[in-house]
Amino acid sequence: MIQTSLLFETVEEIYQRVFREIKPRTILPEIVVRFCSYVHMDSRIRLDGDHKRIEVRISDQLAGAPAPVQEALAHILLGKLYRKKIAPSYKRRYRLYTEREDVRRKALLVKQLRGRKQILAARGKAYDLEEMFDRLNERFFDNLLARPRLTWSLRRSRRSLGHWDPVHDTIVISRIFDEPEIPRFLVEYVLYHEMLHLKHPVEHARGRKRAHTKQFHADERKFPRYQEAVALLKQL
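Rules and cut-offs
- Residues numbered from 1 in each chain as written.
- Predicted model: local features only at pLDDT ≥ 70, side-chain atom pairs only at ≥ 80, totals over all residues.
- Heavy atoms only, no water.
- Helix = DSSP H or I, 4+ residues; strand = E, 2+ residues; numbered from the N terminus.
- Buried < 20%, exposed > 50% of the residue type's maximum accessible area, 1.4 Å probe, protein only.
- Pairing = 2+ DSSP bridges.
- Axes fitted to C-alpha atoms, helices over the stretch in contact; angles between N-to-C directions.
- Phe/Tyr/Trp six-rings, centres within 6.5 Å; stacked < 30°, edge-to-face > 60°.
- Lys NZ or Arg CZ within 6 Å of the ring centre and 35° of its normal.

(A) Expanded view of unusual backbone geometry. Positive phi, normally seen in glycine, also occurs at Arg83, with a value near 55°. Relative to the elements of secondary structure, Arg83 occurs in the loop between helix H2 (67-81) and helix H3 (88-98). You can call Arg83 exposed: its relative accessible area is 79%. Phi at Arg225 is positive, roughly 60°, even though this residue is not glycine. In this fold, Arg225 is placed in the loop between helix H7 (214-220) and helix H8 (226-235).

Here is the structure:
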């Protein structure tokens, strides 16, 4: 049940109250809350060296969030700062708000306006991603996918082998695959996986999002030499 006082508190007062709840025997430090122009809906918190000042920086996308959401975020941030258990109800409240369609739509627009995407080239020294995309599109998607921007990654990443960025309408494939000794079918599989994200958008339900749905996995297994490709990727 929402406290009546919550509706009349400033954001700083919310953090002060939550601090007293989780640290009742500790002297209340100065708490400064700022809303910052972040690309993502990020929030950061830090405690200075003498433990007399807490600085909270919150994405300005959350500046208009209702007081109960600000309270939930205060519990999350202060709980993490002091390594306290965070009640699932606060996590769920915050997640439900950030997964609302209007909030997600605004966040997407902000990313498009503020974010930067470094696009190199689709044609590499061994493989051409645009040519490969067109062949896969014809073979598996009946040419129904609009071709996004395609680029090799700036670095030879082994952690992120590929990703689909809906904000900038871009598929990025790790440069480690742009080598003559890498089998073509393996590069095709990685690109095919990212193309499936175009066909199967992220699902949002009950405050959670799912990028890899059952249908996504079913289509993924239709790729020829699927098991062989997965086995090779594990070696990487």
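Now that the structure is up, let's keep going.
(B) Spotlight on the sheet that holds strand E5 (residues 162-165). Here three strands make up an open sheet; going across it, the order is E4-E6-E5 and the pairing mixed. With partners counted over all chains shown, the strands left at the sheet margins are strand E4 (149-152) and E5, one partner each. Ignoring which end each strand starts from, the neighbouring axes of this sheet average 15° apart. Alignment of E4 against strand E6 (residues 170-173), held across four bridges, turns out to be parallel. By the bridge assignment for E6, Trp152 is matched with Ile173.

(C) Representation of the packing of aromatic side chains in the model. Inspection of every chain in the model, using the stated rule, returns seven aromatic pairs. Ring centres of Tyr192 and Phe223 lie 5.2 Å apart, and the angle between their planes is 35°; this geometry places the pair in the tilted category. You can see Tyr192 sitting in helix H6 (residues 184-199) and its partner Phe223 sitting in the loop between H7 and H8, a full 31 residues away along the chain. Judged by its relative accessible area of 3%, Tyr192 is buried. Its end group placed over the ring of Tyr38, Arg44 keeps NZ or CZ at 4.3 Å from the ring centre. If you follow Arg225 out to its NZ or CZ, it ends over the ring of Phe185, 3.8 Å from the centre.

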